[in-house]
Amino acid sequence: MHAVRHPAVAGSFYPADPATLRRQIDGFLDEARTSVEADLPAPKAIVAPHAGYVYSGSTAALAYADAERRRDEVRRVVLLGPCHRVATRGLALPGARAFRTPLGDVPVAAVGGLPHVATSPDVHLLEHSLEVHVPFLQVILDSFELVPLAVGDAPPAVVADVIEALWGGPETLVVVSTDLSHYLTYDRANAVDAETIEKVLDVAGPIDPRRACGARPLNGLLEVARRRGLAPELLGACNSGDTAGDKQRVVGYASFALREGASGEEES
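Computed from a prediction, not measured in an experiment: that's the story for all the values here. (Residues numbered from 1 in each chain as written. Predicted model: local features only at pLDDT ≥ 70, side-chain atom pairs only at ≥ 80, totals over all residues. Heavy atoms only, no water.)

Caption draft 1: Looking closely at the packing of aromatic side chains. Counted according to the given criterion, the structure contains five aromatic pairs. With a centroid separation of 6.5 Å and 80° between ring planes, the pair formed by Phe28 and Tyr53 is classed as edge-to-face. Here Tyr53 lies in helix 2 (residues 53–67) and Phe28 lies in helix 1 (residues 18–32), a separation of 25 residues in the sequence. Under the relative-accessibility criterion, Phe28 is labelled buried at 16%. Using a relative accessible area of 3% as the deciding quantity, one classes Tyr53 as buried. Seen in terms of ring centroids, Phe28 and Phe136 are 6.5 Å apart; in terms of plane orientation they differ by 25°. Their pairing is stacked. Remark: Phe136 occurs in helix 5 (residues 134–140) and Phe28 occurs in helix 1; sequence separation between them is 108 residues. An aromatic cluster is present here, built from Tyr14, Phe28, Tyr53, Tyr64 and Phe136 joined pairwise through their rings. Above the ring of Tyr186, the side-chain terminus of Lys247 is found at 4.7 Å from the ring centroid. Seen from the ring of Tyr183, Arg249 lies directly overhead, with NZ or CZ sitting 4.5 Å from the centre. (Phe/Tyr/Trp six-rings, centres within 6.5 Å; stacked < 30°, edge-to-face > 60°. Helix = DSSP H or I, 4+ residues; strand = E, 2+ residues; numbered from the N terminus. Buried < 20%, exposed > 50% of the residue type's maximum accessible area, 1.4 Å probe, protein only. Lys NZ or Arg CZ within 6 Å of the ring centre and 35° of its normal.)

See below:
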């Protein structure tokens, strides 16, 4: 087992300087906190994008500002994201004792006996879909352990079974990492992403990987939502044409929350 999974995209997807990084995240969160529905339960699971912070950080912050209300109780985060660099079957852990960002090291939780979960440092080595979420988690939570799962070729039921095995109680937060459409024109992306968002809200997967690069972890979470009677809630959406990119080839982003015990939901 490797001692540390080192950051791969610090300095490109987000600042490598700790003070600059914290200042940027605090800025995103300060704005996002104004949108938090304080009368609703804090989320058990969130879905957030994983692009460079200048593109999607403001959208990701909507989910993290909502989850921040669980700061005093969350001690473990189950983080699932897609594989961009190295393909794999099933799901993969990094085989490291800690996950490092410029804000410090987060201990990786010891988990075993999970179906369809292997250990593959190579899958995690350059993967950004998990890494970019960890600094947000370090800012909004107190001390916690991380279960970082790269999701490869795995059907929704398999991913759902893993999430269910790790679901836990109030000590556990589930985070799914995904962007939406890629490299469409601005207007076309808005139309395509609106259809994808509607499917998520209707818990009507599976989502096509061409519509969401994190479709496999997202589809697993939607299967859990069906099993548990949870209804995803849209927190916000935009695309890179709204933030820091041109409008000819954009990437779409959205954040969602899934809450236990909210009105209209079944108790788990």
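From this point on, the discussion continues.
Caption draft 2: Main features of helix 8 (residues 215–228). Taking 1.5 Å of rise per residue, 14 residues should cover 20 Å, and helix 8 covers 20 Å from first to last C-alpha, within 8% of that figure. Taking burial as the measure, the 14 residues of helix 8 include eleven buried ones, the bulk of the element. Taken together, the buried positions of helix 8 are occupied by Ala215, Pro217, Leu218, Asn219, Gly220, Leu221, Leu222, Glu223, Val224, Ala225 and Arg228. The positive-phi residue at the C-terminal boundary of helix 8 is Gly229, with phi of around 70°. (Expected span 1.5 Å × (residues − 1).)

Caption draft 3: Geometry of helix 7 (residues 186–201). Its 16 residues place the ends of helix 7 22 Å apart at the C-alpha level, agreeing with the 22 Å of an ideal helix rising 1.5 Å per residue. Considered for burial, the residues of helix 7 that qualify are Tyr186, Ala189, Val192, Asp193, Thr196, Ile197 and Val200. All buried residues of helix 7 project into a common sector of 140° when viewed along the axis, lining one side. At its buried positions, helix 7 is contacted by strand 10 (182–184), helix 8, strand 11 (233–239), helix 9 (240–243) and strand 12 (250–258). A positive phi of about 50° marks Val203, the residue just after helix 7. (Arc of directions from axis to C-beta. Contact = heavy atoms within 4.5 Å.)

Caption draft 4: The arrangement of the side chain of His128 in detail. On the secondary structure map, His128 appears in helix 4 (residues 128–131). By relative accessible area, His128 is classed as buried at 11%. In this structure His128 touches Val9, Phe13, His50 and His84, once residues within four positions along its chain are discounted.

Caption draft 5: Region of interest: the nonpolar core. Leu80, Leu91, Leu149, Ile163, Val174 and Leu221 are the most contacted members of the largest nonpolar core, which totals 38 residues. Leave out the neighbours within four places in its chain, and Leu80 touches Leu91, Leu130, Leu149, Val151, Val159, Ile163, Val174, Val175, Val176, Ser177 and Pro217. (Core = buried A, V, L, I, M, F, W, Y, C linked by side-chain atoms within 4.5 Å.)

Caption draft 6: The arrangement of the pairing of strand 9 (residues 172–177) in detail. Within strand 9, six of the six residues are buried, leaving the element largely enclosed by the surrounding structure. Where strand 2 (residues 45–48) meets strand 9, four bridges bridge the pair, whose relative direction is parallel. In the sheet register, Ile46 faces strand 9, and the bridge partner there is Val175. Bridge count between strand 3 (residues 76–82) and strand 9: five bridges; the pairing is parallel. Looking across to strand 9, one finds that Val77 is bridged to Leu173. (Pairing = 2+ DSSP bridges.)

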